[in-house]
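Chain by chain, the residues:
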Amino acid sequence: QVQLVESGGGLVQAGGSLRLSCAASRRTISSYDMAWFRQAPGKEREFVTAKSWSASNTDYADSVKGRFTISRDNAKNTVYLQMNSLKPEDTAVYYCAAGSPKVRVGTKSYQYAYWGQGTQVTVSS
């Protein structure tokens, strides 16, 4: 079982940047697809981005393309989410997830078995 802990959230002004980290323990993430999801108040959890276990496949939600970048460092057992040009609508709790979707890149929450506790990102206008 993989344990995931997110960090790096906080309050930032619109146009600013943040880098989220997701540190894994108990098992290596090298064989898992890794993803970031987010959930804003009163809304359903939504897909943000994911990278396959081999790092050869990556997908982004249209709303974050060109602004967010996912990366993984298997040696450090850590996944990152670099967020640039942040907008107030990016405000949400961001969750890291690990799984084996059996597709090119999983974009659905049910495809991921392991989840972190989330980190709050607040973007002020």
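Residues numbered from 1 in each chain as written. Predicted model: local features only at pLDDT ≥ 70, side-chain atom pairs only at ≥ 80, totals over all residues. Heavy atoms only, no water.

Let's talk about the packing of aromatic side chains
1) Next: Going through the model one piece at a time under the given rule, you end up with 4 aromatic pairs.
2) Next: The interplanar angle of 90 degrees and the centroid separation of 5.8 Å between the aromatic rings of Tyr 32 and Tyr 114 together place this pair among those described as edge-to-face. Taken together, the residues Tyr 32 in the loop between strand 3 (18–25) and strand 4 (33–39) and Tyr 114 in strand 10 (residues 114–115) connect sequence positions 82 residues apart.
3) Next: Plain terms: the ring middles of Phe 37 and Trp 115 are 5.1 Å apart, the flat faces sit at 55 degrees to each other, and that makes the pair tilted. In this pair, Phe 37 is assigned in strand 4 and Trp 115 in strand 10, connecting sequence segments 78 residues apart. (Phe/Tyr/Trp six-rings, centres within 6.5 Å; stacked < 30°, edge-to-face > 60°. Helix = DSSP H or I, 4+ residues; strand = E, 2+ residues; numbered from the N terminus.)

Points about the environment of Met 34
1) Next: In this structure, Met 34 sits in strand 4.
2) Next: The exposure class assigned to Met 34 is buried, which follows from its relative accessible area of 1%.
3) Next: The spatial distance from the C-alpha of Met 34 to the C-alpha of Thr 58 is 9.7 Å, given a sequence separation of 24 residues. (Buried < 20%, exposed > 50% of the residue type's maximum accessible area, 1.4 Å probe, protein only.)

As for the pairing of strand 3
1) Next: Sheet analysis places strand 1 (residues 3–7) next to strand 3, joined by 5 bridges and oriented antiparallel. In the sheet register, Glu 6 faces strand 3, and the bridge partner there is Cys 22.
2) Next: When strand 3 meets strand 8 (residues 78–83), the two strands line up antiparallel, connected through 6 bridges. Bridged to Leu 18 within strand 8 is Met 83. (Pairing = 2+ DSSP bridges.)

Regarding unusual backbone geometry
1) Next: One non-glycine residue, Arg 26, lies in the positive phi region at around 80 degrees.
2) Next: As for its placement among the helices and strands, Arg 26 is situated in the loop between strand 3 and strand 4.
3) Next: With relative accessibility at 64%, the residue Arg 26 sits in the exposed group.
4) Next: In the Ramachandran plot, Lys 102 falls in the positive-phi region, its phi being about 65 degrees despite a non-glycine side chain.
5) Next: You can see Lys 102 is positioned in the loop between strand 9 (92–99) and strand 10.

Details of the nonpolar core
1) Next: Core analysis: the largest hydrophobic core is formed by 35 residues, its most contacted members being Leu 4, Met 34, Trp 36, Phe 68, Leu 81, Met 83 and Tyr 94.
2) Next: Looking at this core, the elements that each hand over two or more residues are strand 3, strand 4, strand 5 (46–51), strand 7 (68–73), strand 8, strand 9 and strand 11 (119–124).
3) Next: With 5 residues, the top contributor of residues to this core is strand 9.
4) Next: Once you skip the residues sitting within four places of it in the chain, Leu 4 turns out to touch Cys 22, Ala 23, Ala 24, Met 34, Cys 96, Ala 97, Ala 98, Tyr 114, Trp 115, Gly 116 and Gln 117. (Core = buried A, V, L, I, M, F, W, Y, C linked by side-chain atoms within 4.5 Å. Contact = heavy atoms within 4.5 Å.)

So, the sheet that holds strand 1
1) Next: With antiparallel pairing, the 4 strands of this open sheet are ordered in space as 1-3-8-7. Single-partner strands in this sheet number two, and they are strand 1 and strand 7. With strand direction ignored, the average angle separating the axes of adjacent strands in the sheet is 15 degrees. (Axes fitted to C-alpha atoms, helices over the stretch in contact; angles between N-to-C directions.)

What about the side chain of Ser 21?
1) Next: Note that Ser 21 resides in strand 3.
2) Next: With residues near it in sequence (within four places) discarded, Ser 21 still touches Val 5, Glu 6, Ser 7, Trp 36, Thr 78, Val 79 and Tyr 80.

Taken by themselves, the reported measurements are silent on function.
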